[in-house]
Amino acid sequence: MTRLSASALDRAATCPASLALPQARTITEQGNLGTAIHRFLERLQQIGRDDALSEIENEEHRAACAKLELDGLPLGGLAAEVAFAFDVATGNAREIGRSLGRTYGQLLPTEIAGAVDVVGVGPDHVYVADWKSGWADVTAARESRQIQFGAVCAAQVYGKSRAIAEVIRTRPGVEPFTSRASFDGFQLALLSGELRDVWAAVEEKRRQVSAGQTPSVAEGAHCRYCPAIHACPAKVALARALGAPAEIRGPEDIVGAITPQTAAAAYDRLSAIEVVC
């Protein structure tokens, strides 16, 4: 059974079935670059920029990291890659360790685990930040379930009643984009409950799949990188429809079928077809 990880929380909140269906992950060069950038930013916290760059063996990855615009970003006196576990049964959080490389050890069946890229502890608050790389859309800090997980866990583990959270998107040669949110004690308590709701929704979908039922899914932009896309009922149905005999005989039929009233729907369908292909 696939566990619910913090990195999958945003997708799970939108489409719980994506965590209940069989998973198949694809490793891409862009994904490798993203991993290299994450590792560079982690090591930068620990040993400084120049030494962190020197550790990168891939020349293209090293060049991309060297171009990152980091001025004004929090890069000193903070802990990197802090792993937490949140128990949905009790609402309690714990720190697992640091720089574990997504190896979280033994977890309870009711625990969500995840690593927070940057963590700091202030007099009356905690600071958590999540680095994002690449050109994909980024969820704002206030809406990101992943960063909410970090805020809830860090505040509880370090005994603070307030959390400042940031999502920082870095791209080679481009000034970073930062989204910030602040959560007080009341908001953190609400977020804790919402994380438990997401877990419960995923578990319900898993029970449906185990019983041989077809779970309902929610399609959207999150589908593009979903590891369950090959088993998704909506995508499988679309793939089968693509293989069916077509009524369209030529370009003139396509042009005639698309009107101002149907153009938006046609575009949405094309986007879905591109994901399947």
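Now for a description of the structure that goes with this document. (Residues numbered from 1 in each chain as written. Predicted model: local features only at pLDDT ≥ 70, side-chain atom pairs only at ≥ 80, totals over all residues. Heavy atoms only, no water.)

Another aspect to go through is the nonpolar core. Membership of the largest hydrophobic core comes to 36 residues, with the highest contact counts inside it found for Leu4, Leu9, Phe84, Phe86, Val128 and Phe149. Secondary structure elements with two or more residues in this core: α1 (9-14), β1 (79-87), β3 (111-121), β4 (126-133), α5 (145-157), β5 (163-171), β6 (174-183) and α6 (185-210). For this core, the element with the most residues is α5, which contributes seven residues. Apart from the residues within four sequence positions on either side, leucine 4 is in contact with Leu9, Ala12, Leu19, Glu111, Ile112, Ala113, Val198, Trp199, Val202 and Arg206. (Core = buried A, V, L, I, M, F, W, Y, C linked by side-chain atoms within 4.5 Å. Buried < 20%, exposed > 50% of the residue type's maximum accessible area, 1.4 Å probe, protein only. Helix = DSSP H or I, 4+ residues; strand = E, 2+ residues; numbered from the N terminus. Contact = heavy atoms within 4.5 Å.)

Moving on: α6. Between the first and last C-alpha of α6 there are 38 Å, a value that for 26 residues agrees with the 38 Å anticipated at 1.5 Å per step. Regarding α6, the residues found buried are Leu188, Leu191, Ser192, Leu195, Val198, Trp199, Val202, Glu203, Lys205, Arg206 and Gln208. Packed against the buried residues of α6 are α1, β1, β3, α5, β5 and β6. Two or three places before phenylalanine 186, at the start of α6, stands the capping residue aspartate 184, its side-chain oxygen 3.2 Å from that residue's backbone nitrogen. Just past α6, the residue glycine 212 takes up positive phi, approximately 80 degrees. (Expected span 1.5 Å × (residues − 1). Polar contact = N/O pair within 3.5 Å; in protein donor to acceptor, adjacent residues only side chain to side chain.)

Moving on to the sheet that holds β5. What the six strands build is an open sheet, ordered β2-β1-β3-β4-β5-β6; its pairing is mixed. Both outer strands of the open sheet, β2 (93-98) and β6, are each paired with one neighbouring strand and no more. Direction aside, neighbouring strands of the sheet carry axes that sit 35 degrees apart on average. Examined bridge by bridge, β1 and β2 share five bridges and lie antiparallel to one another. The partner of alanine 83 across the bridge, within β2, is glycine 97. α5 contacts β1, β2, β3, β4, β5 and β6 of the sheet and is inclined by roughly 155 degrees relative to β4. Set on the sheet, α6 makes contact with β1, β3, β5 and β6; between it and β6 the angle comes to about 105 degrees. (Pairing = 2+ DSSP bridges. Axes fitted to C-alpha atoms, helices over the stretch in contact; angles between N-to-C directions.)

Before going further, it helps to examine the packing of aromatic side chains. Across all of its chains, the model carries one aromatic pair by this definition. Summarising the aromatic geometry, the rings of phenylalanine 84 and tyrosine 158 are spaced 6.1 Å apart at their centres and angled 70 degrees between planes, so their arrangement reads as edge-to-face. Residue phenylalanine 84 is found in strand β1, and its partner tyrosine 158 is found in the loop between α5 and β5; the two are separated by 74 residues along the sequence. (Phe/Tyr/Trp six-rings, centres within 6.5 Å; stacked < 30°, edge-to-face > 60°.)

Along helix α4 (residues 59-66), the positions that sit buried rather than exposed are His61, Ala64 and Cys65. The buried residues of α4 occupy an angular sector of 95 degrees when projected down its axis, which confines them to one face. Exposed side chains of α4 directed beyond 90 degrees from the buried face belong to Glu59 and Glu60. N-cap assignment for α4: the residue whose side-chain oxygen lies 2.9 Å from the backbone N of glutamate 60 is asparagine 58. (Arc of directions from axis to C-beta.)

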